[in-house]
Amino acid sequence: MEDDFSGYEQSVIDMAVEGWRFSRLFSRVISKLDAGEANRYVNQLRYFQKRIEENLERLDMKLVNVEGQVFDQGMAAIALNIADFDAEDKLIISQMIEPIIMGPEGLKRQGTVMVGKVNL
């Protein structure tokens, strides 16, 4: 029975990540529409995102977006372009590629990010 739940949980996580990625793409498309038309789609997008969050909450999980935060090697995210920077560079997360999924006992799925150098 535990394996059945584990498979179900992984399916929900996978769908949540894909839904999150799709909503990011859809948001970029909406930004190209005129304001009147965009409002209708923005509301539908918010509803979709809310449903993803609600379904994760049923399993005591949540999406974590760390975009804009200072990058730390200990974060639950892999930086795809980390090799482009020196170890002493201060980095900020410029884009989330995939969100982090956290559960009550900790990390469920590691996120994927792109980082950029902080210009002081």
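Everything quoted here is computed from the prediction, not taken from an experiment. (Residues numbered from 1 in each chain as written. Predicted model: local features only at pLDDT ≥ 70, side-chain atom pairs only at ≥ 80, totals over all residues. Heavy atoms only, no water.)

**Some remarks on the environment of K62**
By the secondary structure assignment, K62 is in strand 1 (residues 62-64). On the basis of relative accessibility, which here comes to 52%, the residue K62 falls in the exposed class. Sequence spacing of K62 and N39 is 23 residues, and the spatial spacing of their C-alpha atoms is 26 Å. If near-sequence neighbours (up to four positions away) are discounted, K62 is found in contact with L56, I100, I101 and M102. (Helix = DSSP H or I, 4+ residues; strand = E, 2+ residues; numbered from the N terminus. Buried < 20%, exposed > 50% of the residue type's maximum accessible area, 1.4 Å probe, protein only. Contact = heavy atoms within 4.5 Å.)

**Digging into the sheet that holds strand 3 (residues 91-98)**
Strand order across the open sheet formed by three strands is 2-6-3, with mixed pairing between neighbours. Across the chains shown, the open sheet's two edge strands, defined by having one partner strand only, are strand 2 (77-79) and strand 3. With strand direction ignored, the average angle separating the axes of adjacent strands in the sheet is 40°. Alignment of strand 2 against strand 6 (residues 111-117), held across three bridges, turns out to be parallel. By the bridge assignment, I78 is partnered in strand 6 with T112. (Pairing = 2+ DSSP bridges. Axes fitted to C-alpha atoms, helices over the stretch in contact; angles between N-to-C directions.)

**A closer look at the packing of aromatic side chains**
Applying the stated criterion across every chain, the model contains three aromatic pairs. Pairing F22 with F26 gives two aromatic rings, centres 6.0 Å apart and planes at 20°, and the pair type is stacked. One end of the pair is F22 and the other is F26, both in helix 1 (residues 2-30) and four residues apart, which spans about a single turn. Judged by its relative accessible area of 26%, F26 falls in the partly exposed class. Arranged with centres 6.3 Å apart and planes meeting at 85°, the rings of F26 and Y41 form a pair that is edge-to-face. One end of the pair, F26, is in helix 1; the other, Y41, is in helix 2 (residues 35-58), and 15 residues separate them in sequence. Within the aromatic cluster, the residues linked to one another by ring pairs are F22, F26, Y41 and F48. Over the face of the ring belonging to Y41 we find R40, whose NZ or CZ atom lies 4.6 Å from the ring centre. (Phe/Tyr/Trp six-rings, centres within 6.5 Å; stacked < 30°, edge-to-face > 60°. Lys NZ or Arg CZ within 6 Å of the ring centre and 35° of its normal.)

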